[in-house]
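# Architecture at a glance
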Amino acid sequence: MPEIVTLVDENDNPVGTKDRALLGEDDRWRIVTVWVLNSNNELLIAKRSMNKKTNPGKWGPSVAGTVEDGDSYRETALREVQEEIGVTLSLIDGALIMHDEDLGSRANKNFIAHTELPIEAFTIQAEEVDAIAWISIPELLREIKEIPEKYLLGMESIIGVIENE
């Protein structure tokens, strides 16, 4: 069964729908990113499954997902948190960022969550995530500069958004 997504313009206004499998470089669609933080100034990062079509094996945000047509950003974020890391968290609205990538553009709604859960409390969805880890924000920023190929492109700018929320 096809996964239908909403296509949007540069102002996040709906302009149509499309099967996710057919999305291309001329399309812009909605995604969510959830950044999970703890009181030690650590961020939960997730390593993308090696089976992912784009950026397999790269470390990125705690949770990410594509918004299906008819769903809200928040509904998608809550569902993706439950599916990808196996917990229920309260979400704080973050910035909506428009960005362009090789395989199309995204309207990326960010959410922030706070928890003190230890790493063992999370249950990862193997189809989406290979591993998760807590990392201090300063250490993450250092690693992004020293070994950028380990991380999704744009991670550093997103971290700046989190620190300002």
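Overview of the structure.

Definitions and limits used
- Residues numbered from 1 in each chain as written.
- Predicted model: local features only at pLDDT ≥ 70, side-chain atom pairs only at ≥ 80, totals over all residues.
- Heavy atoms only, no water.
- Salt bridge = Lys/Arg side-chain N within 4 Å of Asp/Glu carboxyl O.
- Buried < 20%, exposed > 50% of the residue type's maximum accessible area, 1.4 Å probe, protein only.
- Helix = DSSP H or I, 4+ residues; strand = E, 2+ residues; numbered from the N terminus.

### Details of the pattern of salt bridges
Tallied over the entire structure, the rule returns 11 salt bridges. A salt bridge links D27 to K18; the nearest nitrogen and oxygen atoms lie 2.8 Å apart. Note on D27: relative accessible area 11%, which makes it buried. Notably, a salt bridge pairs K52 with E128, separated by 2.7 Å at the nearest N-O pair. With K52 in the loop between strand 4 (42-48) and strand 5 (59-60) and E128 in the loop between strand 8 (104-114) and strand 9 (129-136), this pair connects stretches of sequence that are 76 residues apart. Put simply, D71, R79 and E83 are held in one network by salt bridges that share partners.

### Regarding unusual backbone geometry
Although it is not a glycine, D12 adopts a positive phi angle of roughly 70°. Inspection of the secondary structure assignment puts D12 in the loop between strand 1 (4-8) and strand 2 (14-19). Of note, N55 is a non-glycine position whose phi angle comes to about 50°, a positive value. Mapped onto the fold, N55 is located in the loop between strand 4 and strand 5. Its relative accessible area of 34% is what places N55 among the partly exposed residues.

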